[in-house]
Amino acid sequence: MRRALALAAVLLLTGCSTGPSLENQNAVTAPPGDSHHLTIGSAGFTESDLLAQMYSLLLKQAGYKTSLLTVANRELYEPALESGQIDVVPEYAATFADWLNAKANGADAPPVGSPDLDATMKALRRLATPRGLTVLPAGRAVDQNAFAVSASYAERHDLKTLSDLGASGLKVRLAAGDECVQRPYCEPGLKKTYGIDITAVDPKGVGTTQAKRAVQSGQDQMVLTTTTDATLSAFGLVLLADDKHLQNADYVVPVVNRSRAGGEGVTEALGKLNDVLTTADLAAMNQQVDSWRRLAQDVARTYLKDKGLLD
């Protein structure tokens with residue numbers, strides 16, 4: 001609590017003084033550092049908490065002292081990452097690239113995140129480096145937008161992919177957020193990329209219980225959710241594969257403060273998670289916390305031990 005209050009106070013004092021000065025925006029202003037006490041940031045939702053706990057445990061095993069700090073607002077934790085008050089944060093490649101791009105170039109700047117992971121990572125690193133941030137390699141786990149239908153609906157119409165749904169000619173009422181009617185990854189993209197006949201967007205939110213129940217009951221035929229949604233099976237829902245890669249490459253990536261955590265020790269410790277962590281693993285761990293009420297720290301520790309990453 002004391003650490004959180006101190007962080008909030010410093011953020012208020014520093015205001016907009018984040019990252020290198022404008023004249024140094026294209027230069028790396030500090031060599032890679034290797035502080036022995038690192039603060040791991042979490043964005044305050046289950047998956048971010050789990051990732052932060054795993055980062056902390058892996059870094060401890062590698063000989064670092066760690067502490068965890070939850071700052072749920074990216075507008076606060078990203079400047080804290082730049083200033084070194086937070087040293088490591090789990091992020092999502094395309095989302096963070098677009099966020100930094102908007103911060104640097106304005107809210108109307110064309111997005112730089114895309115379904116292409118390599119292009120997205122290149123853009124992300126180009127934006128992160130002048131701010132004193134290093135983006136470590138992405139792993140296999142991805143938390144991106146996804147679309148689910150009821151298992152009975154999928155079986156009845158032989159649907160496994162979004163292409164299957166488009167080819168079926170079925171009329172689809174989609175449970176999603178209000179913004180779905182305009183976002184390229186949602187209604188417009190489903191129509192253009194897959195030829196899906198979206199008759200209406202039912203504004204029940206992204207992956208909400210209400211939205212899933214609407215599909216479960218047959219009121220709607222499909223729901224916008226995420227690839228690591230842990231509750232789909234409880235509603236009798238299944239994901240349709242994004243086989244034409246409409247969604248952006250929101251792979252999990254550790255982002256570190258270069259001057260404090262940019263050394264090989266941190267990169268090597270966190271890189272071990274990339275070798276094992278999958279999207280399905282994240283979904284299963286989310287379920288243990290959200291549905292089974294297990295503590296994120298216990299779930300993270302058990303997972304790493306089961307994968308042979310912790311003694």
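Residues numbered from 1 in each chain as written. Predicted model: local features only at pLDDT ≥ 70, side-chain atom pairs only at ≥ 80, totals over all residues. Heavy atoms only, no water.

**Observations regarding the overall build of the protein**
1) Next: Counting its secondary structure elements, the protein contains 13 helices and 10 strands.
2) Next: Taking 311 residues into account, the globule formula puts the C-alpha radius of gyration at 19 Å, and the protein, at 20 Å, falls close to it.
3) Next: Taken across its 311 residues, the protein has 52% of its residues classed as buried.
4) Next: Contacts in the protein between residues at least 24 apart in sequence constitute 75% of all its contacts with a sequence separation of at least 6.
5) Next: As displayed, the protein has an accessible area near 14,600 Å², and 51% of this comes from carbon and sulfur atoms.
6) Next: Both charge centroids of the protein, one from 30 positive and one from 35 negative side chains, sit 3 Å from each other. (Helix = DSSP H or I, 4+ residues; strand = E, 2+ residues; numbered from the N terminus. Rg over C-alpha atoms; globule rule 2.2 N^0.38 Å. Buried < 20%, exposed > 50% of the residue type's maximum accessible area, 1.4 Å probe, protein only. Contact = heavy atoms within 4.5 Å. Areas by Shrake-Rupley, 256 points an atom, 1.4 Å probe, with all protein chains shown as cover. Lys, Arg positive; Asp, Glu negative; His and termini not counted. Charge placed at Lys NZ, Arg CZ, Asp CG, Glu CD.)

**Quick notes on the nonpolar core**
1) Next: Within the largest apolar cluster, 34 residues are counted, with the highest numbers of intra-cluster contacts made by Met-54, Val-266, Leu-273, Leu-277 and Leu-304.
2) Next: Of all the elements in the fold, those that place two or more residues in this core are strand E1 (37-42), helix H2 (46-61), strand E3 (88-92), strand E10 (252-257), helix H11 (264-274), helix H12 (279-290) and helix H13 (296-306).
3) Next: When residues in this core are grouped by element, the largest group, eight residues, is from H2.
4) Next: The contact partners of Met-54, leaving out residues within four places of it in the chain, are Leu-273, Leu-277, Met-285, Ala-300, Tyr-303 and Leu-304. (Core = buried A, V, L, I, M, F, W, Y, C linked by side-chain atoms within 4.5 Å.)

**Quick look at the packing of aromatic side chains**
1) Next: Considering all chains together, one arrives at one aromatic pair under this definition.
2) Next: Between Phe-96 and Trp-99, the ring centres sit 6.4 Å apart and the planes meet at 10°, which makes this aromatic pair stacked. You can see Phe-96 and its partner Trp-99 sitting in helix H4 (residues 93-105), three residues apart, about one turn around the helix. Trp-99 matches Phe-96 in its accessibility class, with the two residues each being buried. (Phe/Tyr/Trp six-rings, centres within 6.5 Å; stacked < 30°, edge-to-face > 60°.)

**A look at the packing of H2 against H12**
1) Next: Running from amino to carboxyl end, H2 crosses H12 at an angle of 110°, the nearest separation of the two axes being 10 Å. Of the possible angle classes, the one that applies to H2 and H12 is roughly perpendicular. Across the interface between the two elements, Thr-46, Glu-47, Leu-50, Leu-51 and Met-54 from H2 touch Leu-282, Met-285, Asn-286, Val-289 and Asp-290 from H12.
2) Next: When grouped by side-chain class, the residues that make up the contact of H2 with H12 number six nonpolar, two polar and two charged. (Axes fitted to C-alpha atoms, helices over the stretch in contact; angles between N-to-C directions. Parallel < 35°, antiparallel > 145°, perpendicular 65-115°, else oblique. Nonpolar A, V, L, I, M, F, W, Y, C, P; charged D, E, K, R; others polar.)

**Some remarks on the confidence of the model for the protein**
1) Next: Looking at the protein, the pLDDT average stands at 91 and 90% of residues meet or exceed 70.
2) Next: This stretch, residues 1-6, has a pLDDT under 50; its non-local contacts, to residues over four places away or in other chains, come to four contacts.
3) Next: A low-confidence stretch, residues 8-27 stays under pLDDT 50, and its non-local contacts, those more than four residues away or across chains, total 21 contacts. (pLDDT = per-residue confidence, 0-100.)

**Regarding the sheet that holds strand E9 (residues 237-240)**
1) Next: What the five strands build is an open sheet, ordered E7-E6-E8-E5-E9; its pairing is mixed. Strands with a single pairing partner mark the edges of an open sheet, and in this sheet they are strand E7 (197-203) and E9. Here the strands of the sheet are splayed against their neighbours by 40° on average, with no regard to which way each runs.
2) Next: Bridge count for strand E6 (residues 171-176) against strand E8 (residues 222-226) is two bridges, and the pairing is parallel. Bridging across to E8, Ala-175 finds its partner in Val-223.
3) Next: Helix H8 (residues 187-194) contacts strand E5 (145-150), E6, E7 and E8 of the sheet and is inclined by roughly 165° relative to E7.
4) Next: The sheet contacts of helix H9 (residues 209-217) involve E5, E6, E7, E8 and E9, and relative to E8 the element is tilted by about 140°. (Pairing = 2+ DSSP bridges.)

**Remarks on the pattern of salt bridges**
1) Next: In the structure shown here, the tally under the stated rule is 12 salt bridges.
2) Next: Here Lys-103 makes a salt bridge to Glu-78, at a shortest N to O gap of 2.4 Å. Of this pair, Lys-103 sits in helix H4 while Glu-78 sits in helix H3 (residues 74-83), and the two are 25 residues apart along the sequence.
3) Next: According to the relative accessible area criterion, Lys-103 is partly exposed, its value standing at 31%.
4) Next: When its relative accessible area of 0% is taken as the criterion, Glu-78 is described as buried.
5) Next: Where salt bridges share partners, they join Glu-78, Glu-82, Lys-103 and Arg-131 into one cluster. (Salt bridge = Lys/Arg side-chain N within 4 Å of Asp/Glu carboxyl O.)

**Here's the deal with the side chain of Asn-101**
1) Next: Examined against the element boundaries, Asn-101 turns out to sit in helix H4.
2) Next: In this structure Asn-101 comes out as buried when scored by relative accessible area, which is 6%.
3) Next: Within the structure, Asn-101 has its side chain in polar contact with the side chain of Asn-105 (distance 2.7 Å).
4) Next: Among the polar contacts listed, one links the side chain of Asn-101 to the backbone oxygen of Pro-110, at a separation of 2.8 Å.
5) Next: Asn-101 has contacts with Gly-106, Ala-109, Pro-110, Pro-111, Val-112 and Leu-127, leaving out every residue within four places of it along the chain. (Polar contact = N/O pair within 3.5 Å; in protein donor to acceptor, adjacent residues only side chain to side chain.)

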